[in-house]
Amino acid sequence: HLQLSWLKRVPHPASSVLPSVSALSELRELTSLGYVRGLLERLDRLANDEPACAPFLERLRQLARRFQLDALSTCLAEASAAAEDHPTTENLAR
């Protein structure tokens, strides 16, 4: 027996600009519904509308394509919590 323990890597939202709070809320809703197609479409629109947050959106897109909805939900929850203290596209516009 190798006694291995698995580590999960969840993208940390503090490494890039986050989408607007309303966009994060919408992404959380789509994730909770398990609507992966709609989630991917929304991520594509956000990448066009809010290009400053493209690196963060790409990490979310990778999780969605792998159907890792639990990890995606965790990442979005952390991003939502951090949105007040972290640069979002809304904060950058001010």
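As the structure is a prediction and not an experimental result, all values here were calculated from the model.

Caption draft 1: Representation of unusual backbone geometry. At Phe67, a residue that is not glycine, the phi angle is positive and equals roughly 55 degrees. Mapped onto the elements of the fold, Phe67 is located in the loop between α3 (54–65) and α4 (69–82).

Caption draft 2: Local environment of the confidence of the model for the protein. Of all residues in the protein, 77% attain a pLDDT of 70 or more, and the chain-wide mean is 83. Mean pLDDT in the protein bottoms out at helix α5 (residues 89–93), which sits at 51, and peaks at helix α2 (residues 36–49), which reaches 95.

Caption draft 3: Fine view of helix α1 (residues 21–33). If you check α1, its first and last C-alpha atoms are 19 Å apart, about what 13 residues at 1.5 Å a residue would give, namely 18 Å. By the burial criterion, the buried members of α1 are Ala23, Leu24, Leu27, Leu30 and Thr31. Each buried residue of α1 lies within a common arc of 125 degrees when the element is viewed along its axis, so the set occupies one face. Facing away from the buried surface of α1 by more than 90 degrees, the exposed residues are Ser22, Ser32 and Leu33. Contacts made by the buried residues of α1 are with α2, α3 and α4. Positive backbone phi, approximately 75 degrees, marks Gly34, located one or two places after α1.

Caption draft 4: The packing of α2 against α3, seen in detail. Packing of α2 against α3 brings their axes to within 10 Å, and their N-to-C directions diverge by 165 degrees. With respect to α3, the axis of α2 lies roughly antiparallel. Helix-helix and strand crossings are classified by hand; for α2 and α3 the assignment is left-handed. Contacts between α2 and α3 pair Val36, Leu39, Leu40, Leu43, Asp44, Leu46 and Ala47 from the former with Leu57, Leu60, Arg61, Ala64 and Arg65 from the latter.

Procedures and definitions
Residues numbered from 1 in each chain as written. Predicted model: local features only at pLDDT ≥ 70, side-chain atom pairs only at ≥ 80, totals over all residues. Heavy atoms only, no water. Helix = DSSP H or I, 4+ residues; strand = E, 2+ residues; numbered from the N terminus. pLDDT = per-residue confidence, 0-100. Expected span 1.5 Å × (residues − 1). Buried < 20%, exposed > 50% of the residue type's maximum accessible area, 1.4 Å probe, protein only. Arc of directions from axis to C-beta. Contact = heavy atoms within 4.5 Å. Axes fitted to C-alpha atoms, helices over the stretch in contact; angles between N-to-C directions. Parallel < 35°, antiparallel > 145°, perpendicular 65-115°, else oblique. Left-handed = near helix turned anticlockwise from the far one by under 90°.

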